Structure formats: structure tokens, C-alpha cells
Amino acid sequence: MKNPITVSVTGAAGQIGYALLFRIASGAMFGPDQPVALRLIEIEAALPALEGVVMELDDCAFPLLAGVTTTADLDEGFRGANWALLVGSVPRGPGMERNDLLGINGQIFTGQGEAIGRSAADDVRVVVVGNPCNTNCLIAMRHAAGVPSERFFAMTRLDENRAKSQLAAKAGVHSSDVTNMCIWGNHSSTQYPDFYSAKIQGKPVTEVIDDMAWLKDTFIPAVQQRGAAIIKARGASSAASAANGVVDTVRSLCTPTAAGDWFSVAVCSRGEYGIEAGLIASMPIRTEDGKSWSVVEGVELSEYSREKIDASVAELQGERDAVKHLL
Ligand code: NAD
Ligand code: LMR
């Protein structure tokens, strides 16, 4: 039997937490022969509800679940964490942009970053989900003393999955036929789902979907606004699909990427594609060994793509400037 992987999850009693924990414990994240130990972090007021979630985890008798700890203490919660999934934070409501949450949520990530630096395992990798996730990730990264910047990620995988699903529906194929789908920039309404580089059954999307007006004026806004559309329809922000995005993100980072393909996750830029170094920006990523990762080089950017990416990066710069006092 392998040693358990320790996974810390903040906001564990929330909506995403409720959809996520059972998938981690079932083996969906790390595979069917990899035990996991969960360290669940909540604010004090939510600990009683979290106990109910733990009762349900117990009631599943998951063969791979090696232990569950609940706490409101950050050092206790991140102790020995190999993965820290930072979900806990306030979701937006109707009519808000995600960066309207910076003032409420940003400060959460200072203390969490510090505790990760003090208490997590030497190999900790951090995925930030709580919005605005790119800039919250930047805040956590800046406070996590001793944790290299390449271990920090913000989630744009839900956007990638949304984009694949929209393109597949339009082309009349399965979403698994869509590859090389890169979300560039911010997890926000400025994100750029790059249909120019994406492929359907190995062919450029623009060859298969010969409808530039649909790609530019329907597809892109649909992906950019999908989170808002779900909030409007459901009265609450996406939860099960977001949890699925977390599972996919971690699996993609732990599993060698298929030849020629890539996946989307926001990482700390080193200046790739002219994106200012130090920002947490979504780019095309590959891993060869399931441990280290790299930004895919040589993706051709049309003038249109360049403008879209620059607009999203400008938004990230504005968010970074707005939280200077937290950095
Ligand atoms: P929710 O309100 O249902 O749950 C959030 C939980 O976080 C609550 O249980 C709350 O008690 C807890 N929490 C708040 N502050 C905390 C802190 N300091 N430490 C630990 N826990 C804390 O919200 P949700 O639907 O689960 O969404 C969580 C976040 O994820 C929101 O910010 C939402 O916007 C974001 N989100 C991101 C994506 C993405 O693609 N990146 C997708 C969906 C949702
Ligand atoms: C999403 O994309 O569904 C989440 O970021 C929630 C939101 O605020 O849109």
C-alpha cells in the first residue's frame, strides 16, 4: 500500500467542498490505488456543519480514505499538506464581477499563505479556487515563505472544460475530441478562450467550425460569462463543475500530458508570451513527469489573440495594483 497523500481543503463545508471531498476520497483525483488523508479547514462558525460532512465521509467507508481532520487553525490544517486546495472564500452574487470580491476575500490568502509556508510538506503544491483566484493565488504565493513560485496554481480548468463543451456541441462531436484548448489570462470575463489554437479531431477549430462570427461573438462571450449565467439560473455559483475542475487540474498536473496537447491553469509568469513576470496568468501548460511543468512554447498568436490576451493581462495588473497593501 502506498503512503497517503495529504490534501488540505479550505472552505470544506461550502458548496464546492461538498462536491469535491467525496471525489478526492473516492480516488478520482489521485487514482484507484492511492490513499489520501484529508485535512479540512473552515471558519469556527462552519465547523459544526463540517462535522456533518465528515459523518457522510465516514458513511461512505471509502477504501482509500486514510483519515480526516477538521480544524479552524491554519497551521493544524496545512500540517504536512502535499496539496493545499484553497476554496474557502465568499462567492459572488448576481451582477457582480469576480474582482469585486478582492476586498472581502484577498486578506484570507495572506494568513493561509503564511501557514502553508510554515506547516505544509516540502513538496506542497497549492491550487487556488476562491475568487478572484488569480490574484488570491498571487497573495498566497507572496506570503508562503520558502515555497517556490512554481508550486502555485489558480484554476482556469473549469473555463477550459466549458470551452471544449461549447465547441463540441457546435461541431457535433464529443468534448473529448477537442484538444489544445488554452484559456489565457484571468479567470474573469476578460479571459481569452483561444479557439485559433484549439483543435477538433486534430484539425484547427477554424477549419471545422467555419463561422468566425459565431466563434468571436457567441463562443467567446459564452465562455467568459458562463459563471454569471450559472449564478443567474441556479441562484448560486457553480459548485459540482467547479469541483470537477479542481479534480481535473490536479490530475493533469500529476499525469504526463498526452503528446501534442496541453491544459490550462494559471501559473506564475516568467514573462512567457510577453505576460508580465510575477503575475498569475493562465497559459498552455504541459507536464512530462507529473511533477514539474512547463509553459508550451511557440503557440502562434494572431493579432486578435494578442489583443485579447493583453486586455486580460491588463486586468491582472490592475488587480495586483489594487491589493498592493496585501503583497
Ligand atoms: P460557499 O459559500 O458555498 O463556501 C465557501 C466556504 O468557505 C464556506 O463554508 C465558508 O465558511 C468558507 N470560508 C470562508 N472564509 C474562510 C476562511 N478564511 N477559511 C476557511 N474557510 C472559509 O462558496 P463556494 O460555492 O464553495 O465557492 C467558494 C469560492 O470558489 C468562491 O470564491 C467562488 O467564487 C469560487 N469559485 C471559483 C471557481 C473557479 O473556476 N476558479 C469556480 C467556482 C467557484
Ligand atoms: C465560475 O466561473 O463559475 C466561478 O468563478 C463562479 C463565478 O463567480 O462565476
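Every chain is numbered independently, its residues counted from 1 as its sequence is written. Labels follow written order: the first chain is A, the first ligand is 1, and so on. Two thresholds apply to this predicted model, a pLDDT of at least 70 for residue-level local features and 80 or more for giving and counting side-chain atom pairs, whereas whole-chain, interface and lining totals are computed over all residues. Excluding hydrogens and water, the side-chain figures rest on all heavy atoms present in the structure.

Points about the pattern of salt bridges
Threshold: Salt bridge, as applied in this entry: a Lys or Arg side-chain nitrogen positioned within 4 Å of an Asp or Glu carboxyl oxygen. Secondary structure follows DSSP: runs of H or I at least 4 residues long count as helices, runs of E at least 2 residues long count as strands, and numbering of each begins at the N terminus.
In total, this model carries 14 salt bridges according to the counting rule given. The closest approach of N and O atoms between K170 and D211, which form a salt bridge, is 3.8 Å. Here the residue K170 occupies a position in helix α7 (residues 157-171), and D211 occupies one in the loop between α8 (205-208) and α9 (212-224), the gap between them amounting to 41 residues. Three or more residues joined by partner-sharing salt bridges are found here, namely E276, R320, D321 and K324.

With respect to the site of ligand 2
In plain terms, the rule: To be near a molecule or strand, a residue needs just one of its heavy atoms within 4 Å of it. Counting of polar contacts relies on pairs of N or O atoms within 3.5 Å, with two restrictions inside protein: one atom must be capable of donating a hydrogen and the other of accepting it, and residues adjacent in sequence are counted only when both atoms are side-chain atoms. For the area figures, the Shrake-Rupley method with a 1.4 Å probe applies, and any residue is considered shielded solely by the protein chains shown.
In the vicinity of ligand 2, the residues found are R92, R98, N131, L158, R162, H187, G227, I231, S237 and S238. A distance of 2.7 Å separates an oxygen atom of ligand 2 from a polar atom in the side chain of R162. The protein chains hide 94% of the 260 Å² of surface that ligand 2 would expose on its own. Going through the elements one at a time, α7 and α10 (226-234) are the ones with two or more residues in the shell around ligand 2.

Focus: the packing of aromatic side chains
Keep this limit in mind: Two rings from Phe, Tyr or Trp (for Trp, the six-membered ring) form a pair when their centres sit within 6.5 Å of each other. Planes less than 30 degrees apart are called stacked, planes more than 60 degrees apart edge-to-face, and all others tilted. Exposed residues in this analysis have more than 50% of their type's maximum accessible area, buried residues have under 20%, and partly exposed residues fall in between, with area computed by a 1.4 Å probe over protein chains only.
Under the criterion given, the structure shown has 10 aromatic pairs. The interplanar angle of 70° and the centroid separation of 6.1 Å between the aromatic rings of Y192 and Y304 together place this pair among those described as edge-to-face. On the criterion of sequence distance, the pair formed by Y192 in strand β9 (residues 192-194) and Y304 in helix α12 (residues 303-322) is long-range, its members being 112 residues apart. In this structure Y192 comes out as buried when scored by relative accessible area, which is 0%. By relative accessible area, which is 18% here, Y304 ends up buried. When the centroid spacing of 6.1 Å and the interplanar angle of 65° are considered together, the rings of Y196 and Y304 count as edge-to-face. With a gap of 108 residues between them, Y196 in the loop between β9 and β10 (199-200) and Y304 in helix α12 connect regions that are remote in the sequence. Residue classification places Y196 among the partly exposed positions, given a relative accessible area of 27%.

Some details on the state of the cysteines
Worth spelling out the cut-off: Note that a disulfide, as used here, is simply two cysteine sulfur atoms within 2.5 Å.
Enumeration over the complete set of coordinates arrives at 0 disulfides. Cysteine C133 shares no disulfide, and the gap to the nearest cysteine sulfur, in C137, comes to 7.9 Å.

So, the confidence of the model for the protein
Put simply, the rule is: Every residue gets a pLDDT, meaning the predictor's confidence in that residue, from 0 to 100.
Per-residue pLDDT for the protein has a mean of 97; in total, 100% of the residues score no lower than 70. Across the assembled chains, the prediction reports ipTM 0.99 with pTM 0.98.

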